[in-house]
Amino acid sequence: MTALMERLERHRWIWSALGVLLLWAVLSITTGRFSLHSLSGVAVSASFLTLVALGQMLVVTTGRGNIDLSIASVLTLSAYASIVVAAGSDARLPLALAAVLGIGLVTGLANALLVVVLRIPAIIATLATGYILATATLIANRWAAGFSMSPFLKTLAAGRVEGVPLMLVIALVAVALAGLLLGRTVYGRRLSAVGQNERAAALAGIRTGRVVTGAFLASALLAALTGMLLGAYVGGAFLEMGQPYLLQSLGAVVLGGSLIFGGSSTALGTLCGSFLLILIVTTMQIAGLPAGTQDIVQGLVVIAVLALAGGRAVRRRRAAPKPEGVTP
């Protein structure tokens, strides 16, 4: 039993994967029409969420309670920028891609500057950055008089190969790359070390500022690319486009088994957490719950998982051997 629990602790993504299978089975039985075909629709929504959540996961891994609250504004502004710059032409798509990557790059560097150099808490720094980007989005909204999509981008976002959504393929590739980054690269090991103990990592010679900067850059760039693809998928952009991804990206990371305290994350778990969260939302939509109630339920789910994770952390600290001469 102890060996099993240790294995589950190492592979925390298993819980979210079991949740996906269980919830899918319940929906299939209760609705009578939730099949593999309908699951592919869920897969598309989960794929967009996965891309954003992977960036959020890297920021969370840095520890110190770091969270990127600017991703919603980055996503929305990038959707507008890609539409305005591309103007429905594949020939202008490289310019649109450059504009979107520029938004992500500038935002990521700004967040890193505020957090790493000025030592402003990430939750405040990224929230402020998001407000600035929201103002830029209002300006872009005036320029986007009509919505015309690039055909190639539309195919990439909404196309299928042998019935498999291309967005799912993109998400799976991103998860595989993120998994390799975390588990097989020097940066991944340094990222975990910084998240576990930033001071100890610095004393070990790790340039912690560069590691944290890389995480914020990746988060902003992934949010920007997701906005570009999401705009093509829905056929336009609107002001609150990225707002749902703010809570859901964090929810997917937490449900997937990444430690909210930092230092340990799982890309596969983030994928499973994204699917589970989308299935939860789908269940509430089938039940006819209003949007406000859906947000409350999602918030309660995230709080419950955080509470359980915090309880496990406290129990591990209590169970850890005390140095000699120290009494509890």
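Refer to the structure printed above.
Residues numbered from 1 in each chain as written. Predicted model: local features only at pLDDT ≥ 70, side-chain atom pairs only at ≥ 80, totals over all residues. Heavy atoms only, no water.

As a further point, take the overall build of the chain. In terms of helices and strands, the chain carries 14 helices and two strands. Counting over 328 residues, the chain shows a buried share of 47%. For the chain, restricting intrachain contacts to residue pairs at least 6 apart in sequence, the fraction spanning at least 24 positions comes to 78%. Looking at the chain as shown, the accessible area adds up to about 16100 Å², and 69% of this sits on carbon and sulfur atoms. (Helix = DSSP H or I, 4+ residues; strand = E, 2+ residues; numbered from the N terminus. Buried < 20%, exposed > 50% of the residue type's maximum accessible area, 1.4 Å probe, protein only. Contact = heavy atoms within 4.5 Å. Areas by Shrake-Rupley, 256 points an atom, 1.4 Å probe, with all protein chains shown as cover.)

The next point concerns the side chain of T129. Its location among the elements puts T129 in helix α6 (residues 122-143). When sequence neighbours within four positions are dropped, the list of residues in contact with T129 reads S70, T107, N111 and L114.

Glancing now at helix α12 (residues 244-255). With 12 residues, α12 should reach 16 Å at 1.5 Å per residue; the first-to-last C-alpha distance of 16 Å fits that figure. Of all the 12 residues making up α12, nine are buried; the element is thus mostly covered by neighbouring parts of the structure. Three or more residues of α12 are buried, namely Y245, Q248, S249, L250, G251, A252, V253, V254 and L255. (Expected span 1.5 Å × (residues − 1).)

Within the largest apolar cluster, 79 residues are counted, with the highest numbers of intra-cluster contacts made by F48, L54, M57, L229, Y245, F275 and L279. For this core, the element with the highest residue contribution is helix α3 (residues 36-61), accounting for 15 residues. When neighbours within four sequence positions are excluded, F275 is seen to be in contact with V20, V42, A43, A46 and L168. (Core = buried A, V, L, I, M, F, W, Y, C linked by side-chain atoms within 4.5 Å.)

Take the packing of α12 against helix α13 (residues 267-286) next. In the contact formed by α12 and α13, the axes pass within 7 Å of each other and the chain directions differ by 120 degrees. Regarding the angle of α12 to α13, the classification is oblique. Classified by chirality, the crossing of α13 by α12 is right-handed. Between α12 and α13, the residues in contact are Q248, G251, A252, V253 and L255 and G269, T270, G273, S274, L276, L277, I278 and V281, respectively. (Axes fitted to C-alpha atoms, helices over the stretch in contact; angles between N-to-C directions. Parallel < 35°, antiparallel > 145°, perpendicular 65-115°, else oblique. Left-handed = near helix turned anticlockwise from the far one by under 90°.)

A word on a nonpolar patch on the surface. A surface patch of nonpolar side chains, about 410 Å² in accessible area, is lined by V164, V169, V173, L177 and L180. In terms of residues, the nonpolar patch owes the most to one element, helix α8 (residues 166-184), which gives four residues. Relative to the helices and strands, V173 is located in helix α8. (Patch = residues over 30% accessible without salt bridge, like charges linked within 9 Å, V, L, I, M, F, W, Y side chains within 5 Å. Salt bridge = Lys/Arg side-chain N within 4 Å of Asp/Glu carboxyl O.)

Right, let's talk about a positive patch on the surface for a bit. Judged by side-chain charge, R189, R190, R207 and R210 come together as a positively charged surface patch. Structurally, R190 can be placed in helix α9 (residues 186-196). Judged by relative accessible area, which is 42%, R190 ranks as partly exposed. (Lys, Arg positive; Asp, Glu negative; His and termini not counted. Charge placed at Lys NZ, Arg CZ, Asp CG, Glu CD.)

Right, let's get into the environment of V44. Of note, V44 is situated in helix α3. Look past the residues within four positions of V44 in its chain and what remains in contact with it is R160, P165 and Y233.

Despite not being glycine, A87 shows a phi value in the positive range, around 55 degrees. Mapped onto the secondary structure, A87 falls in the loop between α4 (71-86) and α5 (93-117). Of note in the backbone geometry, R119 takes a positive phi value of approximately 60 degrees without being a glycine. For R119, the position within the fold is in the loop between α5 and α6. On the basis of relative accessibility, which here comes to 47%, the residue R119 falls in the partly exposed class.

Looking now at empty space enclosed by the protein. Summed over the entire model, instances satisfying the criterion amount to one cavity of 30 Å³ or more. Lining the largest cavity we find S82, I83, A86, G88, S148, M149, S150, L153, M228, G231 and A232. When contributions to the lining of the largest cavity are tallied by element, the ones reaching two or more residues are α4 and α11 (208-234). Each residue belonging to the lining of the largest cavity can be placed in one class, and the counts come to six nonpolar, five polar and no charged. (1 Å grid on protein atoms, 1.4 Å probe; cavity = no way out; pocket = protein on both sides within 12 Å on 5 of 7 lines; lining within 4 Å. Points joined across faces, edges and corners; volume = space filled by probe spheres on them. Nonpolar A, V, L, I, M, F, W, Y, C, P; charged D, E, K, R; others polar.)

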